[in-house]
Amino acid sequence: MTALSFTHRYIPATIPNRPPLLLLHGTGGDENDLIPLGQTIAPGAALLSPRGKVLENGMPRFFRRLAEGVFDEEDVKKRANELADFVTEGRKAYGLEAPIAVGFSNGANIAAAMLMLRPEALAGAVLLRAMVPLKETPAFDLTGKRILILSGSMDPIIPAANAARLAALLEQGGAQVRHQSLPTGHGLTQADVNLATDWLSNEGQPEESLRHTR
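Remember, predicted model here, so these are calculated numbers, not experimental data.

Student: I tried to follow helix 5 (residues 190-201) on my own but got confused; where do I start?
Tutor: Residues that lie three or four places apart on an α-helix share one face, since the helix turns once every 3.6 residues. Across its 12 residues, helix 5 extends 16 Å between first and last C-alpha, which sits within 8% of the 16 Å expected from 1.5 Å per residue. Those residues of helix 5 that sit buried are D192, V193, L195, A196, W199 and L200.

Student: Which parts of the structure should I look at to understand the nonpolar core?
Tutor: With 46 residues, the main nonpolar core has L22, M114, L127, I147, L166 and L170 as its most contacted residues. Contributions of two or more residues to this core are made by strand 2 (21-24), helix 2 (73-94), helix 3 (106-117), strand 9 (124-128), strand 10 (146-152) and helix 4 (160-172). Broken down by element, the residue count for this core peaks at eight residues, all from helix 3. If near-sequence neighbours (up to four positions away) are discounted, I147 is found in contact with L115, A125, L127, L142, L170, A175, Q176, V177, R178 and W199. In terms of nonpolar packing, the next biggest core, distinct from the first, is built from 23 residues, L23, L47, F104 and V126 among them.

Student: Would you explain unusual backbone geometry in this entry?
Tutor: Across residues other than glycine, the phi torsion is negative in most instances, and most of the peptide bonds are trans. A positive phi angle, close to 70 degrees, is found at N17, a residue other than glycine. Positionally, N17 belongs in the loop between strand 1 (8-11) and strand 2. Backbone geometry places S105, a non-glycine residue, at a positive phi of 55 degrees. Position of S105 among the secondary structure elements: in the loop between strand 8 (100-104) and helix 3.

Student: So what exactly am I meant to see when it comes to the environment of L166 here?
Tutor: Here L166 is to be found in helix 4. Residue L166 is classed as buried on the basis of its relative accessible area, which comes to 0%. For the pair L166 and F63, spaced 103 residues apart in sequence, the C-alpha separation works out to 18 Å. Beyond its immediate sequence surroundings of up to four residues, L166 is in contact with A112, M116, L127, A130, M131, V132, P133 and I149.

Student: Honestly, the environment of H186 in this entry has me stumped. Any pointers?
Tutor: Locating H186 in the fold gives a position in the loop between strand 11 (176-182) and helix 5. Classification of H186 by relative accessible area gives buried; the value is 15%. Placed 42 residues apart in sequence, H186 and G144 show a C-alpha to C-alpha distance of 29 Å. In this view, H186 contacts F104, S105, R129, D155, P156, I157 and I158; residues no more than four positions away in its chain are not counted. Of the polar contacts made by the side chain of H186, one reaches the side chain of S105; its length is 2.8 Å.

Student: Can you help me understand the pattern of salt bridges in this one?
Tutor: Counted under the stated rule, the structure contains 12 salt bridges. Ionic pairing is found between E56 and R65, a salt bridge with its closest N-O pair at 2.7 Å. R65 gets classed as partly exposed once you look at its relative accessible area, which sits at 23%.

Student: For this particular structure, what's the right way to read the sheet that holds strand 2?
Tutor: As a general point, the strands of a sheet are linked pairwise by backbone hydrogen bonds and lie either parallel or antiparallel. The strand order across the open sheet formed by seven strands is 1-3-2-8-9-10-11, and the pairing between neighbours is mixed. Only two strands of the sheet have a single partner each, and these edge strands are strand 1 and strand 11. With strand direction ignored, the average angle separating the axes of adjacent strands in the sheet is 15 degrees. Summarising the sheet, strand 10 and strand 11 pair through seven bridges and their orientation is parallel. Paired with L148 across the two strands is R178, which belongs to strand 11. Those strands touched by helix 2 are strand 1, strand 2 and strand 3 (47-50), and its axis lies near 140 degrees from that of strand 3.

Student: Quick question: what am I supposed to make of the pairing of strand 9 here?
Tutor: A regular strand carries its side chains on alternate faces of the sheet. With five of five residues buried, strand 9 is to be regarded as a mostly interior element. Neither face of strand 9 is open: one carries G124, V126 and L128, the other A125 and L127, and all of them are buried. The sheet contact formed by strand 8 and strand 9 spans five bridges and is parallel. Residue pairing in the sheet places A101 in a bridge with A125 of strand 9.

Student: How should the environment of G124 be read in this particular structure?
Tutor: Within the secondary structure layout, G124 lies in strand 9. Measuring from C-alpha to C-alpha, the distance between G124 and L195 comes to 15 Å, with 71 residues separating the pair along the chain. Discounting residues that sit within four places of it in the chain, G124 has contacts with P99, I100, A101 and R146.

What counts, and where the lines are drawn
Residues numbered from 1 in each chain as written. Predicted model: local features only at pLDDT ≥ 70, side-chain atom pairs only at ≥ 80, totals over all residues. Heavy atoms only, no water. Helix = DSSP H or I, 4+ residues; strand = E, 2+ residues; numbered from the N terminus. Expected span 1.5 Å × (residues − 1). Buried < 20%, exposed > 50% of the residue type's maximum accessible area, 1.4 Å probe, protein only. Core = buried A, V, L, I, M, F, W, Y, C linked by side-chain atoms within 4.5 Å. Contact = heavy atoms within 4.5 Å. Polar contact = N/O pair within 3.5 Å; in protein donor to acceptor, adjacent residues only side chain to side chain. Salt bridge = Lys/Arg side-chain N within 4 Å of Asp/Glu carboxyl O. Pairing = 2+ DSSP bridges. Axes fitted to C-alpha atoms, helices over the stretch in contact; angles between N-to-C directions.

In short, geometric facts, not functional conclusions.
Below you can see the structure in the form of structure tokens.
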């Protein structure tokens, strides 16, 4: 594996012209966690999967938090830029196009922060159980980028209003946002897998922005 600024795994593409995926794990995960998900939702795509550098009681994360749902926002900004720089490194090292981020929980939140702070780093995103990462966001331009947000209506960690606000913010930045709330909690379900697979298979095709459950 090429030495880069993050410990990571890289799996080359086996099917040409599929957008690469940047896989971003949740708290306590590592660079191996989302490989099976990536291979399921985008068969044959190149996969770039870094391990978060922050440790919380020994569990890897992508940024610090002060309490459940309360983020260290200065660290969020620092780590989002750091991760965007890693994406640039990975693209050069492995000859990749800008990837689509696929993040779960903490990984989805750092992906959302990257979209706001370094939008050029990503081609789009699948945000699984994400929330607004920053109280104050800079102006950002996501024109032409497609984003899928999948929330859990029974999620004890992320209020429905927060997920809806994230969708609205990204849409205001110019992204084509599809936000769907599923009848589940914080964990992933087969419905998440099916929706992400369908959405990725339609990459590049415009769709109407959707903020609400359908």
